[in-house]
Amino acid sequence: MPPIKLGELLKQKGRINETQFEIALAEQAITGELLGEAMITLGFVSHTDIAQCLAEQSGIPFLDISGYNIPEKVLHVVHKDMAQNMRFIPLDMSDGTLTIGITDPDNLKAVDKAAGIGGKPPKVYLVDADLFEEAIEKAYYFLENPITQGISRLISAMKSEASPEGSNISSLVDYVLQDAIRRNASDVHITPTQKTMHVYYRIDGVLQYGHCLPLNARQGIITRIKILAKMDIAEQRVPQFGIFSFNFLKRKYNMRVSTIPTLHGEDISLRVLIRSGFLFRITNLGYEEDDLQKLRHLFSKPHGLIIVSGPTGGGKTTTLFAALREMDLIEKNVLSVEDPIEYRLSMIKQTEASSKVGYTYAMAGRCFLRHDPDVILVGEIIDEETAKMAVSASTTGHLVLSTLHTNDAPSSIPRLTGFAVDKNDIATTLIGVIGQRLVRKICNNCKEKYALNPGELAGMGFPELEGVVKTAYRGRGCSLCNNTGYLGRTAIGEILLVDDEIKFLISSGAPVNILRQKANERGFKTMRDNGIRKAEEGITTFAEILRVIG
Ligand SMILES: [Zn+2]
């Protein structure tokens, strides 16, 4: 599709406005890149937006392939060269029907080819062009280099060695890290036990067992990772912290490493920092229409304080960035301080906090006030200084966005007052609190409906639903979801709008239960309510709501 046509299409579909279109043209004139690329670089659209837009236009359904693991049997049917040359990704195969993903709706050759392979007309989806190449590279790489076999081979090669080191150890560490990438894990845990060493991966918020490694490799593995992370290898008695980047298939993955001395040696935890760039739209987070309206209303305010609360890994930053994309970033000067920067959005001025040079959240916020801001994003309200800065910046006519670690939206209010910020200032500036958690979605490939047993819901902590809800959904477990029954995550949230009555309660120092009660009277729907609705609709399970909310 010629680039100019794509630009027009994005404009028609309301994904970009005229000004953005002109800026992209100006950028393209200087950089020489394609218009679509320029719009992506500028953060006006993402590859996903383009794919969704093309999908709408062509009538071919869109499929999100992030985190999708192509079944091995399909990879054997379609060779890598063919997939790359014909520009299609094989996704599944059943009863002679091949399912494929294409990035160009006019790629009829791929459709013909797929029909020829399966013998029946293929199921066709439009997929994100950015994920396309990577998904193909990853799938065929792991087909040719299976991890479990690789690890077993290294373990046998090292069997006779008392304390192996060198290339076998570094290959073993590579396999463990590559498997984290293959599984889309957010964290890797390498845990020494009495007789072995266990590797676990955190996937969609839950740990999954990975590998069992022999004792003789233990010290080698620990030392290798500590060297990579530039830690003191001689020091084994105190916890350490470090960072390194791991290169795999042309991509760089940043790893934050932490060690803890345990009974059986140093336990290692690695956080895989998710690659930047995959920006969500507010409509893709999992909020329902009435909540989306509330979110849009909140983020369109010219000043005030908005808090997103929830646990670590609860998608708080994702939500804030999705909300920023709703704003007109040409008309507004947006400054951010984060630790670390997770997403990149080129029209905002992002900075990274650094305790080494004393560039704290609070300091950044104060400096931003001299930089003609409209919107200030502060990574997290972590202390009194940051809380005071955030409140005072929002009293001076700016919109301040930040996050807090609290269990739900209403309890963010006592948390803020706990930072010794004046109650009246909070009442004046706070305009809304969004409480959010992420739940795993049931795998669509193995989803089934089942009849609930009497007492089952009550036993799980949903007595009000007992006898009312008679069926539920679950994932049986399949190769696509690693037999967990879940694939991907979605947000369950609650939005507390601070109206006059809530303001009055805040300034009078009302306890959280009174705040909650008043909010409920005002139509506040809790994230538990939201989760239950999602379980009833078969998006997630009741067990999952129980796991994340308790
Ligand atoms: Zn499944």
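Procedures and definitions
Residues numbered from 1 in each chain as written. Predicted model: local features only at pLDDT ≥ 70, side-chain atom pairs only at ≥ 80, totals over all residues. Heavy atoms only, no water. Helix = DSSP H or I, 4+ residues; strand = E, 2+ residues; numbered from the N terminus. Rg over C-alpha atoms; globule rule 2.2 N^0.38 Å. Buried < 20%, exposed > 50% of the residue type's maximum accessible area, 1.4 Å probe, protein only. Contact = heavy atoms within 4.5 Å. Areas by Shrake-Rupley, 256 points an atom, 1.4 Å probe, with all protein chains shown as cover. Lys, Arg positive; Asp, Glu negative; His and termini not counted. Charge placed at Lys NZ, Arg CZ, Asp CG, Glu CD. Pairing = 2+ DSSP bridges. Axes fitted to C-alpha atoms, helices over the stretch in contact; angles between N-to-C directions. Salt bridge = Lys/Arg side-chain N within 4 Å of Asp/Glu carboxyl O. Parallel < 35°, antiparallel > 145°, perpendicular 65-115°, else oblique. Nonpolar A, V, L, I, M, F, W, Y, C, P; charged D, E, K, R; others polar. Core = buried A, V, L, I, M, F, W, Y, C linked by side-chain atoms within 4.5 Å. Polar contact = N/O pair within 3.5 Å; in protein donor to acceptor, adjacent residues only side chain to side chain. Phe/Tyr/Trp six-rings, centres within 6.5 Å; stacked < 30°, edge-to-face > 60°. Lys NZ or Arg CZ within 6 Å of the ring centre and 35° of its normal. Expected span 1.5 Å × (residues − 1). Domains from an automatic or database assignment. Buried area = accessible area lost by both parts, 1.4 Å probe.

Student: Pulling in residues and values, what's your account of the overall build of the chain?
Tutor: For the chain, the helix and strand inventory stands at 22 helices and 18 strands. Relative to its length of 550 residues, the chain is compact, with a C-alpha radius of gyration of 25 Å against a globular reference of 24 Å. When the backbone C-alpha atoms are referred to their principal axes, the chain occupies close to 70 × 65 × 60 Å. Here the chain, with 550 residues, has 49% of them falling under the buried criterion. In the chain, the share of contacts with a sequence separation of at least 24, taken over all contacts with a separation of at least 6, comes to 64%. Accessible surface for the chain amounts to roughly 25,100 Å². Of this, 51% is attributable to carbon and sulfur atoms. Placing the 62 positive and 65 negative side-chain charges of the chain at their respective mean positions leaves the two points 4 Å apart.

Student: I'd like a rundown of the sheet that holds strand β13 (residues 375-378), residues and numbers included.
Tutor: Each strand in a sheet pairs with its neighbour through backbone hydrogen bonds, running either in the same direction (parallel) or in the opposite one (antiparallel). What the seven strands build is an open sheet, ordered β12-β11-β13-β14-β10-β15-β18; its pairing is mixed. Strands at the two margins of the open sheet, each flanked by one partner only, are β12 (349-352) and β18 (486-497). Taking the axes of each pair of neighbouring strands and ignoring which way they run, one obtains an average angle of 20 degrees across the sheet. Running at roughly 60 degrees to β18, helix α12 (residues 289-299) makes contact with β10 (304-309), β14 (399-404), β15 (430-442) and β18 of the sheet.

Student: I'd like a rundown of the pairing of β10, residues and numbers included.
Tutor: Of all the six residues making up β10, six are buried; the element is thus mostly covered by neighbouring parts of the structure. With five bridges connecting them, β10 and β15 associate as parallel partners. In the sheet register, I306 faces β15, and the bridge partner there is G432.

Student: Tell me about the pattern of salt bridges, and please be specific about residues and values.
Tutor: The final tally for this structure, using the stated rule, is 33 salt bridges. Where E385 meets R366, a salt bridge forms, and the shortest distance between an N and an O atom there is 3.3 Å. In this pair, E385 is assigned in helix α15 (residues 384-395) and R366 in helix α14 (residues 361-368), connecting sequence segments 19 residues apart. A relative accessible area of 41% means that E385 is categorised as partly exposed. Two residues, E464 and R528, come together in a salt bridge whose shortest N-O distance is 2.8 Å.

Student: Summarise the packing of helix α19 (residues 500-507) against helix α20 (residues 512-521); cite the residues concerned and give the values.
Tutor: Interhelical geometry of α19 versus α20 gives an angle of 175 degrees and a closest axis separation of 10 Å. Between α19 and α20, the angle is such that the two are roughly antiparallel. Side by side, α19 and α20 meet where E501, I502, L505 and I506 of the first sit next to I514, L515, K518 and A519 of the second. Here the contact of α19 with α20 is built from residues that sort into six nonpolar, no polar and two charged.

Student: Outline the nonpolar core, supporting the account with residue identities and numerical values.
Tutor: Among the nonpolar cores identified, the biggest contains 42 residues, and L10, M39, I89, I100 and I102 are the most heavily contacted of them. Considering every element that reaches this core, the biggest residue donor is helix α8 (residues 129-144), with six residues. Non-local contacts of L10, meaning those with residues more than four positions away in its chain, are made with R15, I16, M39, V45, I50 and C53. Counting 37 residues, the second-largest nonpolar core is a separate cluster that includes V400, V421, L430 and L496.

Student: Can you break down the environment of R522 residue by residue, with the values?
Tutor: Mapped onto the elements, R522 comes out in the loop between α20 and α21 (527-536). Measuring from C-alpha to C-alpha, the distance between R522 and D499 comes to 9.3 Å, with 23 residues separating the pair along the chain. Excluding residues that lie within four positions of it along the chain, R522 makes contacts with D499 and E501. Among the polar contacts made by the side chain of R522, one reaches the side chain of E501 at a distance of 3.1 Å.

Student: Lay out the pairing of strand β11 (residues 334-338) with the relevant residues and their values.
Tutor: β11 sits mainly inside the fold: five of its five residues count as buried. Pairing geometry for β11 and β13, over four bridges, is parallel. Its bridge partner lying in β13, V337 is registered against V378. Of the strand pairs in this sheet, β11 and β12 are connected by four bridges, and their pairing is parallel. Among the inter-strand pairings, E338 is bridged to a residue of β12, identified as E352.

Student: Please give an account of the packing of aromatic side chains that cites residues and values.
Tutor: If you walk through the whole model with that rule in mind, you get six aromatic pairs. On the basis of an interplanar angle of 90 degrees and a centroid distance of 5.3 Å, the ring pair of Y200 and Y209 is categorised as edge-to-face. By relative accessible area, Y200 is classed as partly exposed at 27%. Given the relative accessible area of 40%, Y209 is considered partly exposed. Here the aromatic cluster, defined as three or more aromatic residues joined through ring pairs, consists of Y141, F142 and F248. Its guanidinium or amino end placed over the ring of F21, K11 lies 4.0 Å from that ring's centre, counting from NZ or CZ. Across the ring face of Y450, the terminal group of R474 is positioned such that the distance to the ring centre comes to 3.9 Å.

Student: Describe helix α4 (residues 47-58), and please don't skip the residues or the numbers.
Tutor: Over its twelve residues, α4 runs 16 Å from end to end, which matches the ideal 16 Å to within 8%, given 1.5 Å per residue. Those residues of α4 lying buried are H47, T48, D49, I50, A51, Q52, C53, L54 and A55.

Student: Tell me about the domain arrangement of the chain, and please be specific about residues and values.
Tutor: With domains assigned, the chain is organised as domain 1 (3-143), domain 2 (156-273) and domain 3 (282-439 + 490-525). Averaged C-alpha coordinates put domain 1 and domain 2 at centres separated by 35 Å. In this assembly, domain 1 packs against domain 2 so that about 820 Å² is buried in total across both faces, 52% of it on carbon and sulfur atoms. Interface area lost by domain 1 to domain 2 is led by K138, Y141 and F142, which between them contribute 55%. There are one salt bridge connecting domain 1 and domain 2.

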